Amino acid sequence: MKQFLLVFIGGGFGSFLRFIIGKTFNDYFHNFYLGTFLVNIIGCLIIGFILGTSMKGNLLSKDQILILSTGFCGGFTTFSAFTLENHGLLESGQLLHFSFYTLSSITVGVLAVVLGLWLSRLI
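Attention here is on the structure that accompanies the text.

Rules and cut-offs
- Residues numbered from 1 in each chain as written.
- Predicted model: local features only at pLDDT ≥ 70, side-chain atom pairs only at ≥ 80, totals over all residues.
- Heavy atoms only, no water.
- Core = buried A, V, L, I, M, F, W, Y, C linked by side-chain atoms within 4.5 Å.
- Buried < 20%, exposed > 50% of the residue type's maximum accessible area, 1.4 Å probe, protein only.
- Helix = DSSP H or I, 4+ residues; strand = E, 2+ residues; numbered from the N terminus.
- Contact = heavy atoms within 4.5 Å.
- Expected span 1.5 Å × (residues − 1).
- Lys, Arg positive; Asp, Glu negative; His and termini not counted.
- Salt bridge = Lys/Arg side-chain N within 4 Å of Asp/Glu carboxyl O.
- Polar contact = N/O pair within 3.5 Å; in protein donor to acceptor, adjacent residues only side chain to side chain.

## Things to note about the nonpolar core
Judged by nonpolar contacts, Phe32, Leu34, Phe37, Ile41, Phe82, Leu89, Tyr101 and Ala112 together constitute the single largest core of eight residues. Sorting the residues of this core by element identifies helix H2 (34-54), helix H4 (79-91) and helix H5 (95-120) as the ones contributing at least two each. The leading source of residues in this core is H2, at three residues. When residues no more than four places from it in sequence are discounted, the contact partners of Tyr101 are Phe32, Tyr33, Thr36, Phe37, Phe82, Glu85, Asn86 and Leu89.

Put into structure tokens, the structure is as follows:
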């Protein structure tokens, strides 16, 4: 039961923060959803850092890993919004914007995970 509660709390906080960031930043650029991009990249950085830190031994407990990775990052990041936005770009014939948004999200996301893993080594 404790694990369910940890995921629930972490997910709720992550979802709330994602909502705030999306509302704040998604309208900055036409055809590039900055809010969604930011939460996904920040989530990639955080998960890389959490997983890198957890591999070092006893720096994070199983409960801390659960609330931060499954809970917070699961609620914070959003693949569904990312794909819906991409669908809208494709449907409106904006292939260049679709390509840039998709490729930059994937590339920067992978780099953010790598950066998070690297940063965890500095602890």
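More follows now that the structure is in view.
## Digging into helix H1 (residues 2-25)
Taking 1.5 Å per residue as the helical rise, H1 with its 24 residues ought to reach 34 Å, and the 34 Å between its terminal C-alpha atoms agrees with that figure. Those residues of H1 that sit buried are Leu6, Gly10, Gly11, Gly14, Ile21 and Gly22. The secondary structure elements touched by the buried residues of H1 are H2 and helix H3 (62-76).

## Observations regarding the side chain of Glu85
Position of Glu85 relative to the elements: it lies in helix H4. Buried and unpaired, Glu85 has Arg18 as its nearest opposite-charge partner, separated by 9.2 Å. One polar contact links Glu85 to Thr36, side chain to side chain, over a distance of 2.7 Å. For Glu85, the side chain forms a polar contact with the side chain of Tyr101, separated by 2.5 Å.

## Observations concerning the pattern of salt bridges
Pairing between side chains becomes possible if they bear opposite charge and their charged atoms approach one another. One pass over the full model with this rule turns up one salt bridge. Put simply, Asp63 and Lys2 hold a salt bridge, and the shortest N to O gap is 2.5 Å. One end of the pair, Asp63, is in helix H3; the other, Lys2, is in helix H1, with 61 residues separating them in the sequence. Accessibility expressed as a relative area gives 25% for Asp63, which makes it partly exposed.

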